[in-house]
Amino acid sequence: MSKAKLGGRFTFPGTSLTVHRIGYGAMQLAGPGVWGPPKDPDGAVAVLREAVAAGVNHIDTSDYYGPHVTNRIIRQALGPYPAGLVIVTKLGGRRPPDKSWQPAISPEELTAGVHDNLRNLGLEALDVVNYRVMGSGHGPEEGSIAAQVTVLADLRRKGLIRHIGVSNVTAAQVAEAQAITDIVCVQNNYNLAYRHDDALIDDLARQGIPYVPFFPLGGFTPLQSSTLSNVAGRLGSTPMQVALAWLLHRSPNILLIPGTSSVVHLRENLAAGQLTLSPETLAELDGIAAEPVPD
Ligand SMILES: NC(=O)c1ccc[n+]([C@@H]2O[C@H](COP(=O)([O-])OP(=O)(O)OC[C@H]3O[C@@H](n4cnc5c(N)ncnc54)[C@H](OP(=O)(O)O)[C@@H]3O)[C@@H](O)[C@H]2O)c1
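Residues numbered from 1 in each chain as written. Predicted model: local features only at pLDDT ≥ 70, side-chain atom pairs only at ≥ 80, totals over all residues. Heavy atoms only, no water.

The next thing to look at is the overall build of the protein chain. A tally of regular secondary structure across the protein chain gives 10 helices and 11 strands. Relative to a compact globule of 295 residues, whose C-alpha radius of gyration would be 19 Å, the protein chain shows 18 Å and is just as compact. For the protein chain, buried positions account for 54% of its 295 residues. For the protein chain, long-range pairs separated by at least 24 residues make up 73% of all intrachain contacts whose partners lie at least 6 apart in sequence. Taken as a whole, the protein chain presents about 12800 Å² of accessible surface, with 54% of it coming from carbon and sulfur. Taking the average place of the 23 positive charges on the side chains of the protein chain and the average place of its 26 negative ones, the gap between the two points comes to 7 Å. (Helix = DSSP H or I, 4+ residues; strand = E, 2+ residues; numbered from the N terminus. Rg over C-alpha atoms; globule rule 2.2 N^0.38 Å. Buried < 20%, exposed > 50% of the residue type's maximum accessible area, 1.4 Å probe, protein only. Contact = heavy atoms within 4.5 Å. Areas by Shrake-Rupley, 256 points an atom, 1.4 Å probe, with all protein chains shown as cover. Lys, Arg positive; Asp, Glu negative; His and termini not counted. Charge placed at Lys NZ, Arg CZ, Asp CG, Glu CD.)

The following block contains the structure:
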């Protein structure tokens, strides 16, 4: 008997937003370096349409991908949006002409970011907005995010944002944000080989809050491990499918947003929800985090 479609379903806490656990991350749809238009605009539209046709109803984006590029492609490919589609975007960054990633965290910048997302996605309100802490580029760093989360909470009261999440954050920052407003998701860097958030994932699971790993396949440095390849070979699947299936098994509150610009890879990633990993295989894969990082 086949398993639940796309890894089963999850409802963002305190909301009416229910999504399949396997979603899609749109960052790869912009040009090289997440800058400018895609090399294959028709291909980008095809990936999004195929995802939604297959049942994906959780799409992650940002107006600073491109900038503006992925949101406009999403609108072109999917508008008018089907009922039940949840688009999650993020604020907190900007891309100046030198293509760097810079913080955009003043009240004016955050407010302008909401309006950019609304305009480019063609929406009157944003389902979920993550406040993404830019930091130094080396993972989450402690420091208050209260001022920025308060601005998002004000924009929520004005009806421009329905729900708020946080991204690239520490456990203390999650708690700080929760003292200001309801937090419906946390999006941090996590995968089979990079497991700094194990304790945070378990804590969020106890609270019913989804944890959405970015770079689930390793991001700009795709996962490579002989253990992963061996397991995939044994199961007749691909390493990327095993990496995604491992995340689905890791905790029931993990939602996936793997990114791809390829319809073939998309189909492969969506099929990962059909893979069952035995306790022995999970234990073997758990060892990957301790393996040396390949050169
Ligand atoms: N909150 C944040 O700060 C943050 C940061 C980064 C990303 N994100 C979000 O998280 C999403 C996922 O992260 P990501 O896209 O950067 O990284 P990812 O999902 O870990 O990996 C994407 C990379 O893997 C390749 N790939 C995908 N499926 C594959 C397959 N089946 N076989 C082989 N290669 C495959 C893609 O290339 P192809 O295009 O050739 O398939 C791309 O190079 C993003 O799209 C974005 O929405 C959020």
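Time to look at the pairing of strand β5 (residues 86–91). Counting buried residues in β5 gives six out of six residues, a clear majority hidden from the surface. Covered by surrounding structure in β5 are Val-86, Val-88 and Lys-90 together with Ile-87, Thr-89 and Leu-91, the residues of both alternating faces. Pairing of strand β4 (residues 58–60) with β5, which is carried by three bridges, proceeds in the parallel orientation. Note that in β5 the partner of Asp-60 across the bridge is Val-88. Where β5 and strand β8 (residues 126–132) come together, four bridges link them in parallel fashion. Bridging from a neighbouring strand, Lys-90 pairs with Asn-130 of β8. (Pairing = 2+ DSSP bridges.)

Moving on, we come to the site of the ligand. Taken together, the neighbourhood of the ligand is formed by 25 residues, with Asp-60, Arg-132, Leu-217, Thr-260 and His-265 sitting nearest. Side-chain polar atom of His-265 to an oxygen atom of the ligand: 2.6 Å apart, as the coordinates give it. For the ligand, whose free accessible area comes to 900 Å², the fraction covered by protein is 88%. Top element by residues in the shell around the ligand is helix α9 (residues 263–270). It accounts for three residues. In the shell around the ligand, the residues fall into 10 nonpolar, 11 polar and four charged. (Near = heavy atom within 4 Å. Polar contact = N/O pair within 3.5 Å; in protein donor to acceptor, adjacent residues only side chain to side chain. Nonpolar A, V, L, I, M, F, W, Y, C, P; charged D, E, K, R; others polar.)

Moving on: helix α6 (residues 198–207). Among all positions in α6, only Leu-200, Ile-201 and Leu-204 are buried. One side of α6 holds all its buried residues, which, seen down the axis, span an arc of 100 degrees. Facing away from the buried surface of α6 by more than 90 degrees, the exposed residues are Ala-199 and Arg-206. Those residues of α6 that are buried lie in contact with α5 (171–178), β10 (183–189), β11 (211–214) and α8 (239–250). (Arc of directions from axis to C-beta.)

What follows covers the environment of Gly-287. Relative to the elements of secondary structure, Gly-287 occurs in the segment after α10 (279–286). Taking the relative accessible area as the measure of exposure, Gly-287 reaches 34% and is therefore partly exposed. With 94 residues separating them in the primary sequence, Gly-287 and Ala-193 have C-alpha atoms 8.8 Å apart.

Below, the discussion takes up the environment of Asn-71. Looking at the secondary structure, you find Asn-71 in helix α2 (residues 69–78). Taking the C-alpha atoms as reference points, Asn-71 and Asp-116, separated by 45 residues in sequence, lie 9.4 Å from one another. Other than its neighbours up to four places away in sequence, Asn-71 contacts Thr-61, Ser-62, Asp-63, Asn-117, Asn-120 and Leu-121. Engagement of the side chain of Asn-71 in a polar contact is seen with the side chain of Asp-63, the distance being 2.8 Å.

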